[in-house]
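Architecture and fold: a report
The primary structure of each chain is shown beneath.
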Amino acid sequence: MITTCFKNRLEMLVFQPSKYYLFGSRLQHTLQKCKCRASLCHWTGSSYSPHPSSHKQSSRNLHLANSYFSCKTIKRSNLQVHNVLGDVHDPDAIRRLFNGLIRQDRASLARSITLVESTHPQKKKQAQLLLTMVLEYFRNSNDHHLKSSRTFRIGLSGPPGAGKSTFIEVFGKYLTQSGRRVAVLAVDPSSSTTGGSLLGDKTRMIELSRDMSAYIRPSPSTGTLGGVTRTTNEAILLCEGAGYDVILVETVGVGQSEFAVADMIDMFCLLIPPAGGDELQGIKKGIVEVADIVVVNKSDGDLLPAARRIKAEYTSALKFMRPRSKVWKPKVTQISSKEKQGIQELWEIMENFKIKTFTSGEFLRKREKQRKLWLWSHIRDNIMGKFERHPQVQDLVSELEELVTEGHITPGLASDFLLDRFIQDPVVEK
């Protein structure tokens with residue numbers, strides 16, 4: 001058994017007490033063996049105490065302490081990265097692409113995102129090699145875990161016409177003028193008829209697209225539900241590897257139940273227009289329930305009274321919501337992207353959210369949980385793809401569809417039959 005400190009990537013045996021210092025902070029602590037075979041964090045504020053008064057009190061500190069520093073006891077895996085990855089075509093080309101990415105070359109970032117969006121089996125392997133290199137880069141540099149508050153992922157969602165793109169133009173310029181580097185991942189809906197996508201969000205961000213401290217990448221949803229794309233999570237990782245510290249993910253115009261973006265970002269921001277419904281609409285479960293902040297946009301001119309009213313309605317509605325965080329209660333604020341009002345106050349709220357969640361440990365725990373969620377999401381997507389390409393499924397599906405449409409069998413029976421054939425004779429893709 002080894003103890004892995006996920007904050008500074010140090011590993012030690014559980015029976016070797018040692019002290020570590022958290023770089024960039026006065027916080028100091030000790031690690032020592034615990035009866036429950038877990039790594040014991042003894043918290044002493046800004047002072048260091050090498051000998052806890054009692055093991056009982058230390059165990060209590062382990063389970064009740066602020067988890068700003070996250071430690072776990074794990075079993076050493078027999079799997080190695082190269083065993084999981086397998087053989088990859090032209091790894092030298094991927095190495096050159098990776099070197100350009102970490103040098104903050106915008107063209108390399110664009111090619112990298114294009115690579116991860118590809119569905120070609122060979123390019124998918126290359127994309128995973130590139131992402132593995134980025135993760136290893138984070139591990140070695142300690143930037144991603146030791147200073148994980150350096151990057152801030154913000155999801156922006158809302159109904160069509162809420163002013164998401166216009167808001168990003170103003171908000172992004174405010175951030176770049178404050179010395180931050182901003183990446184915008186804008187998801188555009190794909191046509192259900194032709195499969196094409198306009199990718200027009202960038203046209204509303206004229207000034208931001210000219211800013212060398214900003215990067216805007218529109219991507220088609222390609223039929224993916226939830227307002228995001230299949231590879232948005234991986235594109236976020238690439239943007240962070242290219243040195244962007246604020247990642248804005250703009251979803252397509254969504255409804256009440258489409259909030260997949262909440263599982264890939266640190267803070268979920270819901271933008272609504274002044275005519276966003278009443279208090280009852282806010283109480284309804286769904287997208288409002290997972291919002292960390294509700295922003296009433298277009299709070300100017302003749303819409304200002306309506307904006308004030310809807311702000312009061314949603315403030316009242318959020319009181320009935322069960323809090324998702326122990327340290328943060330969702331806020332409601334109003335802004336005007338047209339008049340550039342309320343932008344600074346909104347960013348101050350967002351920074352306060354980041355500080356509170358990072359200090360409490362929720363920030364890192366949320367990211368760890370999100371990685372597990374997307375692991376299973378990719379498994380579901382890949383299984384469905386393999387099922388559709390299975391030879392026996394392709395041979396039988398047209399006949400079964402005909403039996404279903406003519407009313408001879410139920411859709412459930414047909415699906416069970418196809419799944420049985422798929423499981424009995426799995427085909428490994430070359």
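Okay, so let's go over this structure. Since the structure is predicted, the reported quantities are computational estimates derived from the model, not experimental observations.

Thresholds, definitions, all that
- Residue numbers here run from 1 along each chain, matching the order of that chain's written sequence.
- The predicted nature of this model means local features are confined to residues of pLDDT at least 70 and side-chain atom pairs, given and counted, to a pLDDT of 80 or more, with totals for whole chains, interfaces and linings taken over all residues.
- Hydrogen atoms and water are omitted, and side-chain values are computed over all heavy atoms in the structure.
- Counting from the N terminus, the helices are the DSSP runs of H or I reaching at least four residues and the strands are the DSSP runs of E reaching at least two.
- The method behind every accessible area is Shrake-Rupley, applied with a 1.4 Å probe, and residues are considered shielded solely by the protein chains displayed.
- The angle between two axes is taken between their N-to-C directions and runs from 0 to 180 degrees, where each axis is a line fitted to C-alpha atoms and a helix contributes only its stretch in contact.
- Our angle categories are set so that under 35 degrees counts as roughly parallel, over 145 as roughly antiparallel, 65 to 115 as roughly perpendicular, and the remainder as oblique.
- Crossings are assigned a handedness: left-handed for a near helix turned anticlockwise from the far helix by less than a right angle, right-handed for a clockwise turn.
- The contact definition used throughout considers only heavy atoms, calling two residues in contact when any of these lie within 4.5 Å.
- In this classification, Asp, Glu, Lys and Arg are treated as charged, Ala, Val, Leu, Ile, Met, Phe, Trp, Tyr, Cys and Pro as nonpolar, and every other residue, Gly included, as polar.
- Only Phe, Tyr and Trp rings are paired, with Trp represented by its six-membered ring, and only when their centres lie within 6.5 Å; those with planes under 30 degrees apart are stacked, over 60 edge-to-face, the remainder tilted.
- The buried label applies to any residue whose accessible area, calculated with a 1.4 Å probe on protein chains only, is under 20% of its type's maximum; exposed applies above 50%, and partly exposed to all values in between.
- Counting as a charge over the ring demands two things of the Lys NZ or Arg CZ atom: a distance within 6 Å of the ring centre and an angle within 35 degrees of the ring normal.
- Salt bridges, as used here, are contacts in which a Lys or Arg side-chain nitrogen is within 4 Å of a carboxyl oxygen on Asp or Glu.

Within the protein, the secondary structure is distributed over 15 helices and 13 strands. A total accessible area of about 23000 Å² is found for the protein, and carbon and sulfur atoms account for 54% of it.

In the contact formed by helix α4 (residues 106–117) and helix α9 (residues 232–241), the axes pass within 10 Å of each other and the chain directions differ by 160°. Relative to α9, the element α4 is oriented roughly antiparallel. The chirality of how α4 crosses α9 is right-handed. On α9, the residues touching Leu 109, Ser 112, Ile 113 and Val 116 of α4 are Glu 234, Ala 235, Leu 238 and Cys 239. Residue classes in the contact of α4 with α9 are distributed as 6 nonpolar, 1 polar and 1 charged.

A complete count under the given rule lists 9 aromatic pairs for this structure. Consider the rings of Tyr 215 and Tyr 244, whose centres lie 6.2 Å apart with planes at 40°: the pair is tilted. Residue Tyr 215 is found in strand β9 (residues 214–220), and its partner Tyr 244 is found in the loop between α9 and β10 (246–250); the two are separated by 29 residues along the sequence. Here Tyr 215 and Tyr 244 have matching classes, each one buried. Members of the aromatic cluster, connected to one another through ring pairs, are Phe 152, Phe 167, Phe 171 and Trp 347. Over the face of the ring belonging to Tyr 244 we find Arg 181, whose NZ or CZ atom lies 4.1 Å from the ring centre.

Once that is clear, we can look at the pattern of salt bridges. Inspection of every chain in the model, using the stated rule, returns 8 salt bridges. In this structure, Arg 217 and Glu 117 form a salt bridge, with 3.1 Å as the shortest nitrogen-oxygen distance. Taken together, the residues span a long stretch of sequence, with Arg 217 in strand β9 and Glu 117 in helix α4 at a distance of 100 residues. A residue is classified by how much of its surface remains accessible, and Arg 217, at 13% relative accessible area, is buried. For Glu 117, a relative accessible area of 26% translates into the label partly exposed. Between Asp 266 and Arg 367 there is a salt bridge, with the nearest N and O atoms lying 2.8 Å from each other. Of this pair, Asp 266 sits in the loop between β10 and β11 (267–272) while Arg 367 sits in helix α13 (residues 362–388), and the two are 101 residues apart along the sequence. Given the relative accessible area of 3%, Asp 266 is considered buried. Ionic contacts of the salt-bridge type, sharing partners, join the residues Arg 153, Glu 240, Asp 266 and Arg 367 into one network.

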